[in-house]
Amino acid sequence: NIRKYSVYARVSPEHKVRIVKAWQANGEIVAMTGDGVNDAPALKTADIGCAMGIVGTDVSKEAADVILTDDNFATIVSAVEEGRRIYDNILKAIQFLLSSNIGEIVVLFTAILITPILMNQFGIPNELISALEPLLPVQILWINLVTDSLPALALAVDPAQKGIMKRKPLKTKGIFTKGMTWRVLYQGLMVGGLTLAAFILGLATEGVTAEEKIHIGQTMAFATLALSELIHVFNVRDNKKSIFSSNPFNNGMLLLAIGASAGLMFLVLLVPFFQEIFSITNLFMYPEKLLEVVGLVFAPLLIVEIFKLLKINGSENN
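My aim in this report is to walk through the structure given alongside it, one point at a time. All of these numbers come straight from a predicted model, not from anything done at the bench.

**Regarding the overall build of the chain**
And step 1. When its secondary structure is counted, the chain shows 11 helices and three strands.
And step 2. The secondary structure elements of the chain, listed N-terminal to C-terminal, are α-β-α-β-α-β-α-α-α-α-α-α-α-α.
And step 3. Taking 318 residues into account, the globule formula puts the C-alpha radius of gyration at 20 Å, and the chain, at 26 Å, lies well above it.
And step 4. Reported as C-alpha extents along the three principal axes, the dimensions of the chain are approximately 90 × 35 × 35 Å.
And step 5. Among the 318 residues that make up the chain, the fraction classed as buried is 44%.

**Describing the pairing of strand β1 (residues 31-34)**
And step 1. Of the two faces of β1, the one lined by Met32 and Gly34 is fully buried and the one lined by Ala31 and Thr33 carries no buried residue.
And step 2. As judged from the four bridges shared by β1 and strand β2 (residues 48-52), these two strands associate in the parallel manner. Among the inter-strand pairings, Thr33 is bridged to a residue of β2, identified as Cys50.
And step 3. Assessed by its sense of winding, the connection that carries the chain from β1 through helix α2 (residues 40-45) to β2 is right-handed.

**Observations concerning the packing of helix α4 (residues 73-113) against helix α6 (residues 137-154)**
And step 1. One way to put it is that α4 packs onto α6 with a least axis distance of 10 Å and a crossing angle of 160 degrees. Judged by the inter-axis angle, α4 sits roughly antiparallel to α6. Of the two elements, α4 crosses α6, and the hand of that crossing is right-handed. Between α4, through Ala93, Phe96, Leu97, Ser100, Asn101, Glu104 and Leu108, and α6, the contact on the second element is made entirely by Ile140, Ile143, Asn144, Thr147, Asp148, Pro151 and Ala152.
And step 2. Looking at the contact of α4 with α6 residue by residue, the class counts come to eight nonpolar, four polar and two charged.

**Details of the packing of aromatic side chains**
And step 1. Counted according to the given criterion, the structure contains six aromatic pairs.
And step 2. Seen in terms of ring centroids, Phe222 and Phe278 are 5.9 Å apart; in terms of plane orientation they differ by 15 degrees. Their pairing is stacked. Of this pair, Phe222 sits in helix α8 (residues 210-232) while Phe278 sits in the loop between α10 (272-277) and α11 (287-309), and the two are 56 residues apart along the sequence.
And step 3. Classification of Phe222 by relative accessible area gives buried; the value is 0%.

**A look at the sheet that holds strand β3 (residues 66-68)**
And step 1. Pairing is parallel across the open sheet formed by three strands, whose spatial order is β1-β2-β3. A single partner strand is all that each edge strand has here, and the edge strands are β1 and β3. Taking each pair of neighbouring strands and ignoring which way they run, the sheet shows an average axis angle of 25 degrees.

**Regarding the pattern of salt bridges**
And step 1. For the coordinates displayed, the defined rule picks out seven salt bridges.
And step 2. Between Arg85 and Glu82 there is a salt bridge; the shortest N-O distance is 2.7 Å. Here Glu82 and Arg85 lie together in helix α4, a separation of three residues that amounts to about one turn.
And step 3. A relative accessible area of 17% places Arg85 in the buried class.

**Brief notes about the nonpolar core**
A general trend in soluble globular proteins is that nonpolar side chains are found buried together.
And step 1. By size, the foremost hydrophobic cluster in this structure holds 60 residues, and its most contacted members are Ile124, Leu132 and Phe222.
And step 2. No other element matches the 12 residues that α8 contributes to this core.
And step 3. With 11 residues, the next largest nonpolar core counts Ala40, Ala42, Leu43 and Ala63 among its residues.

Conventions used here
Residues numbered from 1 in each chain as written. Predicted model: local features only at pLDDT ≥ 70, side-chain atom pairs only at ≥ 80, totals over all residues. Heavy atoms only, no water. Helix = DSSP H or I, 4+ residues; strand = E, 2+ residues; numbered from the N terminus. Rg over C-alpha atoms; globule rule 2.2 N^0.38 Å. Buried < 20%, exposed > 50% of the residue type's maximum accessible area, 1.4 Å probe, protein only. Pairing = 2+ DSSP bridges. Right-handed = clockwise from strand over helix to strand, strands pointing away. Axes fitted to C-alpha atoms, helices over the stretch in contact; angles between N-to-C directions. Parallel < 35°, antiparallel > 145°, perpendicular 65-115°, else oblique. Left-handed = near helix turned anticlockwise from the far one by under 90°. Contact = heavy atoms within 4.5 Å. Nonpolar A, V, L, I, M, F, W, Y, C, P; charged D, E, K, R; others polar. Phe/Tyr/Trp six-rings, centres within 6.5 Å; stacked < 30°, edge-to-face > 60°. Salt bridge = Lys/Arg side-chain N within 4 Å of Asp/Glu carboxyl O. Core = buried A, V, L, I, M, F, W, Y, C linked by side-chain atoms within 4.5 Å.

Right, here's the structure in full:
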């Protein structure tokens, strides 16, 4: 049994190949180092072949997946840690972008389906049916360019999670595991549901005309979608641990990106010139609606924390 042995001495090239295959037969992911011509078969057979860049032969370098330019074995550990960090950050960005975009699809599609109900419930006349949409094209474009892109780029430099080297190697070859798919779907529905709720709360405003109701609803939906995504980005940084058990402020670039996105968003919400371009109204004229938006914006934090607490946020490392 290969698991009985920890050290191998004076092995031949043939033995190296047998050792690699034996560990692979036990379901393990195997890395092999080497520098000579005779090491090439083992380097090729291993899941990850590591050749020496200084003393290694051209044949071993050709057969290897990784070449150590400094011939230092400690570099392998550092490279694995960096690779895992990069892989995790790619998944974070994908999860954030897909859940945000699914949220946009959900709110638009659902609003179309329930348009007759909204018209009857809130007294919207038939001539305004074409205006009864939660988000305008220019608003969606703004969210995709500003609110989504900057935090997603900043996630690329997120520091490695604690204990990242204690994790077992991932045996899956795809990004969309069951856990990843589940998180993207439920978080997308969450973002879409909160945005739709904001739109409906805006339509429920009393003492204003039907056209003003639509403008208030669109403004609330626009603000909720954009700002809730900036809060939601903290959720995707760790799919298991609570945000309150880790340091949410250890990525300066992410904080800068969120600050820039939020600043640009408030510029649109507060400056009359931009309000006219984006066809929105001044929410500060309706304090109760402003409070409702604040509650909806921070809701993703609470919802995902509950999912993490109940351990239904996905079970895989990614």
